[in-house]
Every structure is written in structure tokens, then in C-alpha cells.
Amino acid sequence: MDAVGRYLKKHTEVLVKDIGIEQACSLAGKSKATLGRYYSDHEAHADRFMPIETVALLEKAASYPHVTGALAELSGTSLQYDERRPNNERPGGVNSDVIVLSQRFAMLMAEYHQSMEDGKITVNEARRLLRETSILQKVLVDMKLHLEEDHGGA
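Nothing here was measured: the structure is a model prediction, and the numbers come from that model.

As a further point, take the overall build of the protein. When its secondary structure is counted, the protein shows 7 helices and 0 strands. In the protein, the succession of helices and strands from N to C terminus is α-α-α-α-α-α-α. Relative to the globule expectation of 15 Å for 154 residues, the C-alpha radius of gyration of the protein, 20 Å, shows a markedly less compact shape. By its C-alpha atoms, the protein is 65 × 40 × 35 Å across when sized along the principal axes. Across the 154 residues of the protein, 32% fall into the buried class. Pairs at least 24 residues apart make up 63% of the contacts formed inside the protein by residues separated by at least 6 positions. With an accessible surface of roughly 10,200 Å², the protein has 54% of that area assigned to carbon and sulfur atoms. Once the 19 positive and 23 negative side-chain charges of the protein are each reduced to a mean point, those two points are 4 Å apart.

Next up, the structure:
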């Protein structure tokens, strides 16, 4: 198996494990054995890859589009990924933005508190804090746009 195949299989495995094997089986309508073959590096399964519609179903439930991200990297492109992914579409407006802003700020503070328990912030903890800070910025931009839309940039 070539390096590209191994790379895609590794990201397929990460995708399945991100969701959990049981939930992945349920969502994909596939058995554990079938899903396992998609990311197996055994010679007998070297030419087996997860169908793209299955990837799409699983990535919708995952915390990140692992396989799509790997494909983008292999083609020399990058993804712009919006991690906010709300549970349901909200109508927008400043009131909704204030609620989301409060929730995201609470998540940032929780990450900070957890990071500082031992008195230092590790590289992984810093990444999580940066991710939360970026999401918080996006919420603030949404709020700014709603305020300008509602009040004409007063």
C-alpha cells in the first residue's frame, strides 16, 4: 500500500473513532467488520476505502471532517472549518448572539480553568484555548453584523 492509501486509512480510522464504532455502524448502516476493513492496513484490504457517501454521513456527526481534511491536504489545499456547528439553525439577531456569546465565553473560561489547574498551559491546552478564542471572535463578528443590520451601523 502506498503512503497516500495509508494516510487516508489512518484518517478514516480517526473519523470512526471520533464518533465511536457503535454510532458509526448505526449511522453508516455498516457492520464493525466492514468499517474496520476501510481503515485496515492489512494487505488483503489495501484497496478498500470508505465510500464517499459514508464519509459524508460520518463527518456530519464527527467533531471534525477528518477524511475531507486529509483529502484537502493531499491536494495541496486547505479547509476553512467553522467549529461552531450549532445544534439547530438560529434565526439570528442580537439576542441570540448574546446567548451564544455567553455560552462560548463560559467554554473558554472552563478551558482556561482546566488548563491552569497545574499552574502551566501546555501546547495542547494552548491549542484548545486558541480554538475557543477563535470561535468567540466569530460570534462577536456575527453580533457586530446583526447590530449593523438591525441599526444601520448607528
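Let us look at the environment of S102. Here S102 shows up in helix α6 (residues 94-115). Of the residues examined, S102 reaches a relative accessible area of 46% and is grouped as partly exposed. For the pair S102 and I52, spaced 50 residues apart in sequence, the C-alpha to C-alpha distance is 37 Å.

This part covers the pattern of salt bridges. Scanning the entire structure with this criterion turns up 4 salt bridges. Here K32 and E22 are joined by a salt bridge, their closest N and O atoms 2.7 Å apart. With a gap of 10 residues between them, K32 in helix α3 (residues 32-39) and E22 in helix α2 (residues 21-28) connect regions that are remote in the sequence. Residue classification places K32 among the partly exposed positions, given a relative accessible area of 46%. Put simply, R128 and E111 hold a salt bridge, and the shortest N to O gap is 2.9 Å. Here E111 lies in helix α6 and R128 lies in helix α7 (residues 123-151), a separation of 17 residues in the sequence.

Another point: the packing of α6 against α7. Working note: a packed helix pair is described by the angle between its axes plus the distance between those axes. In the contact formed by α6 and α7, the axes pass within 9 Å of each other and the chain directions differ by 165°. Between α6 and α7, the interaxial angle falls into the category roughly antiparallel. The handedness of the crossing between α6 and α7 is left-handed. Within the contact of α6 with α7, the residues separate by chemical class into 15 nonpolar, 4 polar and 8 charged.

Mapped onto the fold, F105 is located in helix α6. Through-space distance from the C-alpha of F105 to that of L79 is 25 Å; in sequence the pair is 26 residues apart.

With that out of the way, let us pick up the nonpolar core. Counting 14 residues, the largest nonpolar core has L15, V16, I19, A24, L35, M50 and L58 as the members making the most contacts within it. Put simply, the parts of the chain that give this core at least two residues each are α1 (3-19), α2, α3 and α4 (52-61). Not counting residues within four places of it along the chain, the set of residues in contact with L15 comprises M50, V55, L58, E59, A62, Y64, H66 and V67.

Turning next to the packing of α2 against α3. The contact between α2 and α3 brings their axes to 9 Å, and the two run at 100°. With respect to α3, the element α2 is oriented roughly perpendicular. In this structure, α2 contributes I21, E22, A24, C25 and A28 to the contact, and α3 contributes K32, L35 and Y39. Here the residues of the contact of α2 with α3 are counted per class, giving 6 nonpolar, no polar and 2 charged.

Calculation notes
- Starting from 1, residues in each chain are numbered consecutively following that chain's sequence as written.
- In keeping with the predicted nature of the model, local features appear solely for residues at pLDDT of at least 70, side-chain atom pairs appear and are counted solely at 80 or more, and the whole-chain, interface and lining totals rest on all residues.
- To get the side-chain values, all heavy atoms of the structure are used, and hydrogens and water are removed first.
- Numbering of helices and strands starts at the N terminus; helices are DSSP runs of H or I of at least 4 residues and strands are runs of E of at least 2.
- Between the two quantities, the radius of gyration covers C-alpha atoms and the globule rule is 2.2 Å times the number of residues to the power 0.38.
- Relative accessibility under 20% of the residue-type maximum defines a buried residue, over 50% an exposed one, and the middle range a partly exposed one, all with a 1.4 Å probe and only protein chains included.
- The contact rule is simple, with two residues in contact once any of their heavy atoms fall within 4.5 Å.
- Every accessible area reported is derived by Shrake-Rupley at a probe size of 1.4 Å, with residue values counting cover from the shown protein chains alone.
- Positive residues here are Lys and Arg, negative ones are Asp and Glu, while His and the chain termini are left out of the count.
- Just so you know, the charge point we use is NZ for Lys, CZ for Arg, CG for Asp and CD for Glu.
- A pair is scored as a salt bridge if a Lys or Arg side-chain nitrogen falls within 4 Å of a carboxyl oxygen belonging to Asp or Glu.
- Orientation is described by axes fitted as lines to C-alpha atoms, over the contacting stretch for helices, and by angles from 0 to 180 degrees between their N-to-C directions.
- Note that the term roughly parallel is reserved for angles under 35 degrees, roughly antiparallel for angles over 145, roughly perpendicular for angles of 65 to 115, and oblique for everything else.
- Take the far helix as your reference; a near helix turned counterclockwise from it by less than a right angle gives a left-handed crossing, and one turned clockwise gives a right-handed crossing.
- Note that Gly is not counted as nonpolar here; it falls among the polar residues with everything else outside the nonpolar set of Ala, Val, Leu, Ile, Met, Phe, Trp, Tyr, Cys and Pro and the charged set of Asp, Glu, Lys and Arg.
- Residues belong to one nonpolar core when they are buried, are Ala, Val, Leu, Ile, Met, Phe, Trp, Tyr or Cys, and are joined through side-chain atoms within 4.5 Å.

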